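Fold and geometry: a report
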Amino acid sequence: MTLKEKYKDYFRVGAEVNLHTINTHKELIIKHFDSITCENETKFESLCPLPDKDTFESADAIATFAKENGILLRGHTFVWHNQTPEWVFKDADKELLLSRMKNHIQKVGKHYQDSMYCWDVVNEAIEDKTDLVLRDSQWRRIIGDDFMEYAFRYAKETLPNTPLYYNDYNEMNPVKREKIYSIVKQMKENGVPVDGIGMQCHINIYEPGVDELKAAIERYASLGVRLQFTEMDVSMFRFEDHTVLNAPSKELIQLQAKKYKEYFKVFREYHDVIDCVTLWGVADDATWLSNFPVRNRKNWPLLFDDNHEEKEAFYAIMDF
Ligand code: XIL
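So, here's what we can say about the structure. (Residues numbered from 1 in each chain as written. Predicted model: local features only at pLDDT ≥ 70, side-chain atom pairs only at ≥ 80, totals over all residues. Heavy atoms only, no water.)

Considering the overall build of the protein
Looking only at helices and strands, the protein has twelve helices and nine strands in total. Relative to the compact-globule value of 20 Å for 320 residues, the protein shows a C-alpha radius of gyration of 19 Å, a close match. If you line up the protein on its principal axes, its C-alpha atoms span 55 × 40 × 40 Å. When each of the 320 residues of the protein is scored for burial, the buried share is 54%. The long-range share in the protein, meaning contacts at least 24 apart out of those at least 6 apart in sequence, stands at 76%. Summed over its atoms, the accessible surface of the protein is roughly 13,800 Å², and 48% of this surface lies on carbon and sulfur atoms. (Helix = DSSP H or I, 4+ residues; strand = E, 2+ residues; numbered from the N terminus. Rg over C-alpha atoms; globule rule 2.2 N^0.38 Å. Buried < 20%, exposed > 50% of the residue type's maximum accessible area, 1.4 Å probe, protein only. Contact = heavy atoms within 4.5 Å. Areas by Shrake-Rupley, 256 points an atom, 1.4 Å probe, with all protein chains shown as cover.)

Rendered as structure tokens:
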């Protein structure tokens, strides 16, 4: 049994891939997943590193891989404070930055309109370290608090039939949850075309618990938007824990399996509002968490191990 077969009546099961893993992890990707997201290849700096230079080749190769194998591709992401080249903000006043934003969304949106089934239009715009609601990014500083509204409107003009998402992390934290809720609510009230909320779901084996997960799903779903879990991984460490391990203990492996199971149980319960659950990676030999938040600290956050074998976490979400 494969992941996508197991969950076909509930939601798509996705994986983050990159130009390398579509070869090295090809078998697992084709076997188990019916949605993929480019790890970095569709970010602003990868597609348009210079004002007059587009480098679409890597993303195109992944789009072709997806098509050839009958897998859908998520778009990630148009407007973000990270991985956006400096030229975008250089000498920009509001008008100039809006025109650069619009141009990017139109160009990239059109290029991939037959390849991508949804887009994260804005990523991580909400603040979670201070009392501010919006992160103090260059997008917000130059355009103003309504910069997201422009992004969604430009995206809808270009891609009228593509579901458009607001995507963020720490999305289950009650304080941040309420900020996300109120911003998306306000946008909906202003007629801004936000179709869904992407919950990144970078969690760890200890937290958050399922009560916070359920509360977040219910709160966001009450806005009448669709939901996707867009970047799930389950770290072996709490965020602030910088311990280094050579291998995960049996206990950690079991805690991880338990966490995955609890979460997938809830995802199934709420499948009527959830369209896709994407893992941020395929197997433990290729995960951003082996470099974040601690550089070169090995982590094991996914469903398949370093040798691409099924882990306890995999069995845990397949056997109920
Ligand atoms: C990460 C990639 O996995 C890394 O390779 C890159 O160095 C940094 O970005 N939230 C997001 C993703 O929306 O785009 C990030 O991906 C992980 C956090």
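Structure's up, so let's keep going.
Brief notes about the site of the ligand
Taken together, 13 residues are adjacent to the ligand, and Glu39, Lys43, His76, Asn123 and Glu231 come closest. In this structure, an oxygen atom belonging to the ligand sits 2.7 Å away from a side-chain N or O atom of Glu231. Calculation on the ligand without its partners gives an accessible area of 420 Å², and the protein chains cover 78% of this total. Counted by class, the shell around the ligand contains three nonpolar, six polar and four charged residues. (Near = heavy atom within 4 Å. Polar contact = N/O pair within 3.5 Å; in protein donor to acceptor, adjacent residues only side chain to side chain. Nonpolar A, V, L, I, M, F, W, Y, C, P; charged D, E, K, R; others polar.)

Observations concerning the pattern of salt bridges
Counted under the stated rule, the structure contains 23 salt bridges. As a salt-bridge pair, Asp195 and Lys156 come within 3.0 Å of each other at their nearest N and O atoms. Of this pair, Asp195 sits in the loop between α9 (174-189) and β6 (196-199) while Lys156 sits in helix α8 (residues 147-158), and the two are 39 residues apart along the sequence. Residue Asp195 is classed as partly exposed on the basis of its relative accessible area, which comes to 26%. Counted as one network, the salt bridges with shared partners bring together Asp128, Lys129, Asp168 and Lys176. (Salt bridge = Lys/Arg side-chain N within 4 Å of Asp/Glu carboxyl O.)

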